[in-house]
Amino acid sequence: MITSNFEQASQGASGTPFTIQPLLRAGVNVVLDRFWWSTIVYGEVGGVDTSALGQLVAAEKLVWADTLPSIAFLVDREQPIDRSDKMETWLKLRSRYGELSSVEGRDYRVVVLGNTTTVEEVVNRASSLIEAIAL
């Protein structure tokens, strides 16, 4: 179980750098359920101009400044879970996330979590890895 020195935030109003960075400076561990990776992956697979996507991500990185994740998780599975995407599209998304995790793994720790068991088991594995970092 994750310690009480933890905040969970999602991107949006409660997940901006202006609300998260003060928590980090205060020693609070923060878990985000989304990251700029989704912008790149869904944008590229959807045919959005890569230059425009690069500018969006560059702006986000500028706002976050030197704040990098201590660890990022890519939850991966062999088959989609009840998605409306065509299998071909889903496979492209999965492949692109895998490629991006390899590249980003050069700058911070990225762990691929196989989502082949229960949600509880995957969450417990992630929680254990987060707690090990927080100690």
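Throughout what follows, the structure given in this document is the object of discussion. All values derive from a computational prediction rather than experimental measurement.

## Thoughts on helix H1 (residues 17-25)
- Inspection of H1 places Pro17, Ile20 and Gln21 among the buried residues, and these make up the whole buried set. One side of H1 carries all its buried residues, which in axial view fall inside an arc of 100°.
- Just downstream of H1, Gly27 is the residue with a positive phi angle, here 85°.

## What to know about the packing of aromatic side chains
- Evaluated as defined, the whole model comprises four aromatic pairs.
- An angle of 55° between the planes, with centres 6.1 Å apart, marks the rings of Phe35 and Trp37 as tilted.
- Classification of Trp37 as buried rests on a relative accessible area of 5%.
- Among the aromatic residues, ring-to-ring pairing joins Phe35, Trp36, Trp37 and Tyr108 into one connected group.

## Re the side chain of Arg96
- Within the element layout of this structure, Arg96 appears in helix H4 (residues 87-104).
- Taking relative accessible area as the criterion, Arg96 reaches 19% and is therefore assigned buried.
- Setting aside its immediate chain neighbours within four residues, Arg96 contacts Ile40, Val41 and Glu44.

## Comments concerning the packing of helix H2 (residues 37-45) against helix H3 (residues 50-64)
- Look at H2 against H3: their axes get within 10 Å of each other, and the N-to-C directions meet at 170°. Classified by the angle between their axes, H2 and H3 sit roughly antiparallel to one another. Here Thr39, Ile40, Gly43 and Glu44 of H2 lie close against H3, whose contacting residues are Thr50, Leu53, Leu56 and Val57.
- Class assignment for the residues of the contact of H2 with H3 results in four nonpolar, three polar and one charged.

Rules used in this analysis
Residues numbered from 1 in each chain as written. Predicted model: local features only at pLDDT ≥ 70, side-chain atom pairs only at ≥ 80, totals over all residues. Heavy atoms only, no water. Buried < 20%, exposed > 50% of the residue type's maximum accessible area, 1.4 Å probe, protein only. Helix = DSSP H or I, 4+ residues; strand = E, 2+ residues; numbered from the N terminus. Arc of directions from axis to C-beta. Phe/Tyr/Trp six-rings, centres within 6.5 Å; stacked < 30°, edge-to-face > 60°. Contact = heavy atoms within 4.5 Å. Axes fitted to C-alpha atoms, helices over the stretch in contact; angles between N-to-C directions. Parallel < 35°, antiparallel > 145°, perpendicular 65-115°, else oblique. Nonpolar A, V, L, I, M, F, W, Y, C, P; charged D, E, K, R; others polar.

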